[in-house]
Amino acid sequence: MSFRFAVRSDLGTVRTNNEDSALASPNLLVLADGMGGHAAGEVASTVATRVFAEIADHLAETPDGADVATRITLAGRSTRLALQEMSEADPMLESMGTTLLAVVSHAGQVTVGHIGDSRVYALRGSSLYQVTTDHTHVQRLVDTGQLTPEKARTHPYRAMLLRSLDDHPGGPDLDVISLAIEPGDRLLLCSDGLSDYLPPEQIGRLLAIADREEAADALVDAALEHGTRDNVTVVVADVVAEPGNGTLPELAGAVVDGLELSPMAGAALEHSLPRLAPQILARPRTEAEPAAEAEPAGREPVESADAPAAEPDGAAVREEPEPAQPELVAEVPVEETDDAEVAPAATTAAPPEEPEAPTKPDAAEQGAEGRPTATTAPTSASQHREPVLPGVLAAALLVLVAVAIGLIL
């Protein structure tokens, strides 16, 4: 299996710089939402995206999904150690970090690594599933029954992360799960600039647009219309049975232009990730800038992305990914369509027409008090009957008078 993809990233309605990064290739999808003061967020997301991109280069050497899970874990550790070394070299980068999503298709299996609150969704038929679980304070409140999912969407602390890929030493690894996916399914990777502003039902309807390029555009446009205050980035990927040979990777966000780093941070990057540094930096290093010639005191060297990262504190790497347990979040009735419109909801039989209400009499037909006159009021048959008894008595009296006059004469 492989991916056919579309990638979009936008600054949003408030931000002036993009701290999101994304990469898509036939066998690897990556999305990172950076955070930190100054420009540290885009540094973290760019470094993480470039490190995880190396996974695709080594898939030929990876016989099964278990090895993919190991590579995801080690890529996360390499990223963390690099960010730590850079922030120690340049205080302006201190406390930088990023969320991270990595979806790898290899040997008939799809493996997902994630940390933070960026999300993976899967659309199968008319059902939209949330594959990943947010590592946030609000999600913990939902999991423990202290908050409903509806209230979580507007909670003031919904952006408070419990886990991220940052410069803190000894931080947590990514969660690694195996995803039961099949050709015909569609995946969405998104930053919280989308998921915080659109409800699952709307995400599902837009993701169901037949053309994935137009689906990606529609998702970003909808987030902007909702006034997203964050960067918004999406990767829409169709799962296909054919290999993706010859399809070039696509980048979006901060990773596209590379980083303008201080001499200290640049030197730390070249020391920690020598092979990747030229791809990460926006320009070549000059001779005037210091090079990393010695190990920082008390620090273990960060290994290149070409080799597995050192395991801090002797931490073991999980060999088998946990099976994913996607949560059904929306039903999206979909119809086949040739145009780029949003797939319409399933049509239902029209209800029987209501009988027309009686018309109100015109003012000309109403009396002085606004009540219908005798000509418009309902009538019954008894009201049309003439008085009969008085007429009979009058006729009989005339006959008697005539008889009496005759007798007198």
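That block above? That's the structure.
Residues numbered from 1 in each chain as written. Predicted model: local features only at pLDDT ≥ 70, side-chain atom pairs only at ≥ 80, totals over all residues. Heavy atoms only, no water.

Caption draft 1: Representation of the overall build of the protein chain within the structure. Per the secondary structure count, the protein chain includes 10 helices and 15 strands. Per-residue burial for the protein chain yields a buried fraction of 45% across its 409 residues. Here the analysis covers contacts within the protein chain between residues at least 6 apart in sequence; of these, 73% occur between residues at least 24 apart. In the form shown here, the protein chain has an accessible surface area of approximately 21,200 Å², with 54% of it arising from carbon and sulfur atoms. (Helix = DSSP H or I, 4+ residues; strand = E, 2+ residues; numbered from the N terminus. Buried < 20%, exposed > 50% of the residue type's maximum accessible area, 1.4 Å probe, protein only. Contact = heavy atoms within 4.5 Å. Areas by Shrake-Rupley, 256 points an atom, 1.4 Å probe, with all protein chains shown as cover.)

Caption draft 2: How the structure looks around unusual backbone geometry. Phi is positive for Ser95, which is not a glycine, with a value near 70°. Structurally, the position occupied by Ser95 is in the loop between helix H2 (65–89) and strand E4 (97–98). Located in the positive-phi region is Ala107, a residue other than glycine, with phi close to 55°. Looking at the secondary structure, you find Ala107 in the loop between strand E5 (100–106) and strand E6 (109–115).

Caption draft 3: Region of the structure containing the nonpolar core. Counting 40 residues, the largest nonpolar core has Val47, Phe52, Met86, Leu100 and Leu269 as its most contacted members. Those elements that provide at least two residues to this core are strand E3 (28–35), helix H1 (40–57), H2, E5, helix H8 (263–272) and helix H9 (277–280). Sort the elements by how many residues they give to this core and H1 lands first, with nine residues. Setting aside residues no more than four positions away along its own chain, Phe52 makes contact with Leu28, Val30, Ile72, Ala75, Gly76, Thr79, Leu100, Ala102, Leu165 and Leu174. Leu128, Ala223, Val329 and Ala330 belong to the second-largest nonpolar core, a separate cluster that totals 26 residues. (Core = buried A, V, L, I, M, F, W, Y, C linked by side-chain atoms within 4.5 Å.)

Caption draft 4: Expanded view of the side chain of Gln139. Within the secondary structure, Gln139 sits in helix H3 (residues 137–143). A relative accessible area of 16% places Gln139 in the buried class. A polar side-chain atom of Gln139 sits 2.8 Å from a polar atom in the side chain of Asp143. (Polar contact = N/O pair within 3.5 Å; in protein donor to acceptor, adjacent residues only side chain to side chain.)

Caption draft 5: Main features of helix H7 (residues 212–225). With 14 residues, H7 extends 20 Å from end C-alpha to end C-alpha; this agrees with the ideal 20 Å at 1.5 Å per step. Every buried residue of H7 is listed here: Ala215, Ala216, Ala218, Leu219, Val220, Ala222 and Ala223. For H7, the elements touching its buried residues are strand E1 (2–10), strand E11 (186–190), helix H5 (192–195), helix H6 (200–207) and strand E12 (232–240). Where H7 starts, the residue carrying a side-chain oxygen 2.9 Å from the main-chain nitrogen of Glu213 turns out to be Asp211. Just downstream of H7, Gly227 is the residue with a positive phi angle, here 75°. (Expected span 1.5 Å × (residues − 1).)

Caption draft 6: Structural view of the pattern of salt bridges. Following the criterion strictly, the structure yields 13 salt bridges and no others. Note that Glu54 is salt-bridged to Arg275, the shortest N-O span being 3.8 Å. Note that Glu54 is positioned in helix H1 and Arg275 in the loop between H8 and H9, a separation of 221 residues in sequence. Judged by relative accessible area, Glu54 falls into the buried class, the value being 5%. Across the pair Arg163 and Asp175 runs a salt bridge whose closest N-O atoms are separated by 3.1 Å. Highlighted residues: Arg163 in the loop between helix H4 (149–152) and strand E9 (165–166) and Asp175 in strand E10 (residues 175–179), separated in sequence by 12 residues. Ionic contacts of the salt-bridge type, sharing partners, join the residues Arg8, Glu213 and Asp217 into one network. (Salt bridge = Lys/Arg side-chain N within 4 Å of Asp/Glu carboxyl O.)

Caption draft 7: Seen up close, the sheet that holds strand E8 (residues 127–130). Taking strand neighbours across the sheet as the criterion, the six strands line up as E1-E12-E11-E7-E8-E15 in an open arrangement whose pairing is antiparallel. Edge strands, defined here as strands with exactly one partner in the open sheet, are E1 and strand E15 (327–331). Going across the sheet, the axis of each strand differs from the next one's by a mean of 20°, ignoring polarity. H7 contacts E1, E11 and E12 of the sheet and is inclined by roughly 30° relative to E1. (Pairing = 2+ DSSP bridges. Axes fitted to C-alpha atoms, helices over the stretch in contact; angles between N-to-C directions.)

Caption draft 8: Focus on the packing of H6 against H7. Close contact between H6 and H7 brings their axes to 8 Å; oriented N to C, the two are set at 150°. Viewed along their axes, H6 and H7 adopt a mutual orientation that is roughly antiparallel. Of the residues in H7, those in contact with Gln202, Ile203, Leu206 and Leu207 of H6 are Ala215, Ala218, Leu219 and Ala222. (Parallel < 35°, antiparallel > 145°, perpendicular 65-115°, else oblique.)

Caption draft 9: Looking closely at the pairing of strand E2 (residues 20–25). Of all the six residues making up E2, six are buried; the element is thus mostly covered by neighbouring parts of the structure. Residues Asp20, Ala22 and Ala24 point to one face of E2 and Ser21, Leu23 and Ser25 to the other, with burial holding for every one of them. Pairing between E2 and E3: six bridges, direction antiparallel. By the bridge assignment for E3, Ala22 is matched with Leu31. Summarising the sheet, E2 and strand E13 (residues 250–253) pair through four bridges and their orientation is antiparallel. Looking across to E13, one finds that Leu23 is bridged to Leu251.

Caption draft 10: Broad picture of the environment of Gly116. Within the secondary structure layout, Gly116 lies in the loop between E6 and strand E7 (119–124). Given a relative accessible area of 1%, Gly116 falls into the buried group. With 17 residues separating them in the primary sequence, Gly116 and Thr99 have C-alpha atoms 4.6 Å apart. In contact with Gly116, other than residues within four places in its own chain, are Thr99, Thr133, Asp134, His135, Leu161 and Arg163.

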